[in-house]
Amino acid sequence: MAGTIQRDVTAGLDIGTSGIAVAVLNRGCGPKPEPLGYGFCPSMGVEKGRVIDPEDTATAVKKAVNDARVAAGVPFSSVYVNVDGPDIVARNDSVKQAIARRQVIERHDLHKLQLHFCETILPANWSVVQLVNIKFYIDGKHVTRPQGCRGRELGLSATVLAIPSKQMDQICQCLRNVDLQVNQTAVGPLAAAQAVLSGVERQLGVICVDIGAGLTKTVFINHDMLYHLSIFPVGAGHITADLAVGLHTSLEAAEKVKMEYGLGVINGHVQVPNLSGAGYNTVPGELVHKIIRSRIEEILDFVKQFIEKLKLEASLPGGIVLTGGGARLVGLPELAQDYWMIPVRRGYNMLLGEDVSDNENAYRYTTAVGLALGGTGQRQVTCGVRRIVEGGLVGRFKSWLR
Ligand SMILES: Nc1ncnc2c1ncn2[C@@H]1O[C@H](COP(=O)(O)OP(=O)(O)OP(=O)(O)O)[C@@H](O)[C@H]1O
Ligand SMILES: [Mg+2]
């Protein structure tokens, strides 16, 4: 990769329950950003998407980042990073502020209003992960580019995605331990959606379901805006744990069984190493199927409730897109489609070519690619944010202003 003529590099860091994944992209001047390299390391110190031991997590982050630096051939020191966990909340609201006579609205006025917005709606011990659906209004009228305009009153409506500050602090500490700066934070499922959904799906109305190891995250996107987000603290890792318990075998052996059989019908028996390591247990294929299926049905039920709550049964033209490692489970799209009665497809990291179904990168780096893609579209904005951060205006609100 060394010697690429135009380099404008962004790196996405996905801190997942089972793995740390890094994707490095070059925005370049082509129609799509070009992947420069990837890095991966099994996670440590992460539980259900939350960093619970920043030092352990930092060790894994360091390895994944170093691998990505070598693969990409570029020494990046800042990242777009996900913040996940079952405690993420989304709140919609709006604020208004008077504009002084003859004052022209500038970018810092927009940033100040966003800060005021977050201070108004968030309790003291919560931190902003991301601000989305941002709309500015001048004298009550929606304005796409308020900068340079005049008026009497500047308004803002937005959705803030927030997390308890303690969890944000753990991530910041982890990244400080490895000398990485945060360009911007984003919630994982929105980043994954960025990497797998087409513009048409986002406009028409689509649900993206990210089945990770510890969490299942569901977002409904319509008119290119986030309408609803819900996080369920159960993921594909629970299937592995259930199999290990139910078949009296190790997690490694259970993981293999899950990947091999998935939701397929298993005739006859399956042999798994027993826990003492001195032989095999012979278990009925039917039992294996039952264990996998009952946990998957729990996840499918969660999504079904999401669909019913939003009354989307008959009005989801973009269908449902499955992503995350759990989406690879054999037979899952077929079962899910029967269950939800809505068209379902698997979503792949869109930077890969056409035939990607067997490509590990298509799944493993989806969120990291989405984070980096978000970065490629926001470079100039981020420079503005940094100035504000350095100016000391923000603490718990940094890394997300737009
Ligand atoms: N072929 C497969 N069949 C079934 N499950 C799979 C397959 N490949 C990966 N998985 C499962 O996907 C999970 C990992 O997915 P992913 O990398 O999206 O999770 P994560 O980002 O680490 O977790 P989370 O998003 O919940 O924090 C693991 O539980 C793994 O066993
Ligand atoms: Mg994940």
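Residues numbered from 1 in each chain as written. Chains lettered and ligands numbered in written order. Predicted model: local features only at pLDDT ≥ 70, side-chain atom pairs only at ≥ 80, totals over all residues. Heavy atoms only, no water.

### Points about the overall build of the chain
Stage number 1. Within the chain, the regular secondary structure consists of 12 helices and 18 strands.
Stage number 2. Against the compact-globule benchmark of 21 Å for 402 residues, the chain has a radius of gyration of 22 Å, which places it among compact chains.
Stage number 3. Along the first, second and third principal axes, the C-alpha set of the chain runs to 80 × 50 × 40 Å.
Stage number 4. Burial analysis of the chain (402 residues in total) assigns 52% to the buried set.
Stage number 5. Within the chain, contacts between residues separated by at least 24 positions form 67% of all contacts whose residues are at least 6 apart in sequence.
Stage number 6. Element-wise, carbon and sulfur atoms account for 50% of the exposed surface of the chain, whose accessible area totals about 18400 Å².
Stage number 7. Distance between charge centroids for the chain: 9 Å, based on 41 positive and 38 negative side chains. (Helix = DSSP H or I, 4+ residues; strand = E, 2+ residues; numbered from the N terminus. Rg over C-alpha atoms; globule rule 2.2 N^0.38 Å. Buried < 20%, exposed > 50% of the residue type's maximum accessible area, 1.4 Å probe, protein only. Contact = heavy atoms within 4.5 Å. Areas by Shrake-Rupley, 256 points an atom, 1.4 Å probe, with all protein chains shown as cover. Lys, Arg positive; Asp, Glu negative; His and termini not counted. Charge placed at Lys NZ, Arg CZ, Asp CG, Glu CD.)

### Some points on the domain arrangement of the chain
Stage number 1. Split by domain assignment, the chain resolves into domain 1 (89-163) and domain 2 (225-346).
Stage number 2. Placing a centre on the C-alpha atoms of domain 1 and another on those of domain 2 gives a separation of 41 Å. (Domains from an automatic or database assignment.)

### Side note on the site of ligand 1
Stage number 1. In the region of ligand 1, 19 residues are neighbours, and Thr17, Ser18, Lys217, Glu255 and Lys258 sit closest.
Stage number 2. Thr17 places a side-chain nitrogen or oxygen 2.6 Å from an oxygen atom of ligand 1.
Stage number 3. Take Gly326: an N or O atom from its main chain is 3.3 Å from an oxygen atom of ligand 1.
Stage number 4. Summarising the interface, the protein chains cover 88% of the accessible area of ligand 1, which totals 650 Å² for the free molecule.
Stage number 5. Elements represented by at least two residues in the shell around ligand 1 include exactly helix H6 (236-247) and helix H7 (251-261).
Stage number 6. A per-element tally of the shell around ligand 1 places H7 first, with three residues. (Near = heavy atom within 4 Å. Polar contact = N/O pair within 3.5 Å; in protein donor to acceptor, adjacent residues only side chain to side chain.)

### A closer look at unusual backbone geometry
Stage number 1. Located in the positive-phi region is Asp179, a residue other than glycine, with phi close to 55°.
Stage number 2. Relative to the assigned elements, Asp179 resides in the loop between helix H3 (165-177) and strand E11 (181-187).

### What about the side chain of Asp14?
Stage number 1. Among the structural elements, Asp14 can be located in strand E1 (residues 9-15).
Stage number 2. One buried charge, Asp14, has no salt-bridge partner; the nearest side chain with opposite charge is Lys217, at 6.8 Å. (Salt bridge = Lys/Arg side-chain N within 4 Å of Asp/Glu carboxyl O.)

### What to know about the packing of H6 against helix H8 (residues 285-309)
Stage number 1. For the pair H6 and H8, interaxial distance at closest approach is 9 Å and the crossing angle is 145°. The chirality of how H6 crosses H8 is right-handed. For the pair H6 and H8, the contacting residues are His238, Ile239, Asp242, Leu243, Gly246 and Leu247 in the first and Leu287, Val288, Ile291, Ile292, Arg295 and Ile296 in the second.
Stage number 2. When the residues that make up the contact of H6 with H8 are grouped by side-chain class, the tally is eight nonpolar, two polar and two charged. (Axes fitted to C-alpha atoms, helices over the stretch in contact; angles between N-to-C directions. Left-handed = near helix turned anticlockwise from the far one by under 90°. Nonpolar A, V, L, I, M, F, W, Y, C, P; charged D, E, K, R; others polar.)

### Some thoughts on the pairing of strand E13 (residues 216-222)
Stage number 1. Counting buried residues along E13, seven of its seven residues qualify, which places the element largely inside the surrounding structure.
Stage number 2. Side chains of E13 alternate between two faces, with Thr216, Thr218, Phe220 and Asn222 and Lys217, Val219 and Ile221 buried alike.
Stage number 3. Of the strand pairs in this sheet, strand E12 (residues 206-211) and E13 are connected by six bridges, and their pairing is antiparallel. What sits directly across from Ile207, in E13, is Phe220.
Stage number 4. Count of turn residues in the E12/E13 antiparallel hairpin: four residues.
Stage number 5. Across seven bridges, E13 lies against strand E14 (residues 225-232) in antiparallel orientation. Its bridge partner being in E14, Asn222 is matched across the sheet by Met225.
Stage number 6. If you look at the hairpin formed by E13 and E14, you'll find two residues sitting between the two strands, and His223 has a positive phi there, around 50°. (Pairing = 2+ DSSP bridges.)

### Topic: the nonpolar core
Stage number 1. By size, the foremost hydrophobic cluster in this structure holds 61 residues, and its most contacted members are Leu13, Val24, Val61 and Leu175.
Stage number 2. At seven residues, helix H1 (residues 54-72) tops the list of elements feeding residues into this core.
Stage number 3. Inspection of this core shows a minimum of three residues originating in each of domain 1 (89-163) and domain 2 (225-346).
Stage number 4. Setting aside chain neighbours within four positions, we find Val24 in contact with Val9, Thr10, Ala11, Glu34, Pro35, Leu36, Gly37, Ala68, Ala72, Val74 and Phe76.
Stage number 5. Judged by nonpolar contacts, the second largest core, of 41 residues, contains Val283, Ile292, Phe302 and Tyr339. (Core = buried A, V, L, I, M, F, W, Y, C linked by side-chain atoms within 4.5 Å.)

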